[in-house]
Amino acid sequence: MISSPIVAAVTPFDERGVVDYAALGDYLDLLIEAGVQSLLVNGTTGEFPSMSLVERREVVDFCRQRWPRRLIAHVGASAVGDTETLIQAANDCADALAVITPYFFADAPEAGIGEFFECALASARKPVLLYNFPRHTQNSLAPALVTRLSAKLPLLWGVKDSGKDLSITQEFKARCPRLRVFVGDDRIGIRVAELGIDGVVTGAGGPVPELPLGIAAAVGRGDVVAARHLQATFDCYSDARKAMPLTDIAFVKAALAARLPGFPPHVRPPLVTASAEQCQSIRTFMRDNMINKLSPF
């Protein structure tokens, strides 16, 4: 029942670095109004490495209370025990779980990565999405390993691949067709059918959710012209994001501030918040190039 696009949510922080639940509620309302059906919380876009286990549990609980649709809780951590703790909490409220490849120990043996997942997921009671993001974890999730895990873990239902190698993305699906495969690339939405995958997960697209939703809807009804137009607009947004000397997360929060008055642009260290000048530049870009083009699909 998880539908594409999945939006990976930011975690708003106030100027003290405390989770801003009022802003998070406003953000969820924006996504609901846009028509988002599937939400992932505490992912990379949500700055999970900077959050305590208590904060991560509280964010999931808050989102469950405010989010009426499908909720995916990312529960990955570098320690098996921490992942188990987050799984046990999310089992009671999330619709599905996402677990990133273990990190810090770079180039870990494939057998060790497999053992990590088997141990951590033993207590899972909800469908599980494995999360491949080798740029950050320094460990790749091999398609052959996913195939073996799929045979051992009946609740394994999919893969989110942010590895940027589309041949590997397609191999996940080819080796294990029963799994749903999503790609973390905002430029791929128009190509999901061509690639033979199931959809996209967008984090950077959170401020403009109407675009990935509109692309998916246009592709679904076979409207190539509309899909291309919407993808070109989304690519314009992505180009602006990449041209700004900021992390994607800092850009996204500043872009959200352009749509939601009072939304805090703050990120936690080691990330750096957009400066006042950068926020103004992003606000101008959003006003002149995005907001007037956005409408529910």
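Residues numbered from 1 in each chain as written. Predicted model: local features only at pLDDT ≥ 70, side-chain atom pairs only at ≥ 80, totals over all residues. Heavy atoms only, no water.

**Comments concerning the layout of surface pockets**
Note the threshold: Within this scheme a cavity is a closed region of a 1 Å grid, computed over the protein atoms alone, that accommodates a 1.4 Å probe without allowing it to escape, whereas a pocket is open but has protein on both sides within 12 Å along at least five of seven lines; lining residues each have an atom within 4 Å of a point. Grid points are joined across faces, edges and corners, and a volume is the space filled by probe spheres set on the points.
Approximately 890 Å³ is the volume attributed to the largest pocket. Together, 38 residues line the largest pocket, and Thr 44, Phe 133, Arg 135, His 136 and Asp 248 are the ones closest to its centre.

**Here we look at the packing of helix α9 (residues 210-220) against helix α10 (residues 224-243)**
This is how it is decided: Orientation is described by axes fitted as lines to C-alpha atoms, over the contacting stretch for helices, and by angles from 0 to 180 degrees between their N-to-C directions. In DSSP terms, a helix is any run of H or I states spanning at least four residues, a strand is any run of E spanning at least two, and both are numbered starting from the N terminus. Should an angle fall under 35 degrees it is called roughly parallel, over 145 degrees roughly antiparallel, and 65 to 115 degrees roughly perpendicular, with every other angle called oblique. By definition, turning the near helix anticlockwise from the far helix through less than a right angle yields a left-handed crossing, and turning it clockwise yields a right-handed one. Any two residues whose heavy atoms approach within 4.5 Å at even a single point are treated as in contact. Put simply, Ala, Val, Leu, Ile, Met, Phe, Trp, Tyr, Cys and Pro go in the nonpolar bin, Asp, Glu, Lys and Arg in the charged bin, and everything else, Gly too, in the polar bin.
It is the contact of α9 with α10, at a shortest axis distance of 8 Å, that shows an interaxial angle of 160°. The pairing of α9 with α10 is recorded here as roughly antiparallel in orientation. Crossing hand, α9 versus α10: left-handed. On α10, the residues that touch Leu 211, Pro 212, Gly 214, Ile 215, Ala 218 and Val 219 of α9 are Ala 226, Ala 227, Leu 230, Gln 231, Thr 233 and Phe 234. Here the residues of the contact of α9 with α10 sort into nine nonpolar, three polar and no charged.

**Here's the deal with the pairing of strand β7 (residues 180-183)**
Put simply, the test is: A pair of strands is treated as paired once DSSP finds two or more bridges between them. When the strands point away from the viewer, a crossover counts as right-handed if the path from the first strand over the helix to the second runs clockwise.
Where strand β6 (residues 156-161) lies against β7, four bridges are found, and the strand directions are parallel. Of the residues in β7, the one forming a bridge with Val 159 is Val 181. Note that the unit made of β6, helix α7 (residues 166-175) and β7 has a crossover that is right-handed. Note that β7 and strand β8 (residues 199-202) share two bridges and pair parallel. Bridging across to β8, Val 183 finds its partner in Val 200.

**What about the sheet that holds β7?**
Ordered in space as β1-β2-β3-β4-β5-β6-β7-β8, the eight strands form a closed barrel in which the pairing is parallel. Adjacent strand axes in the sheet meet at a mean angle of 25° when their direction is disregarded. The pairing of strand β4 (residues 96-100) with strand β5 (residues 128-132) spans four bridges and is parallel. Residue pairing in the sheet places Ile 100 in a bridge with Tyr 131 of β5.

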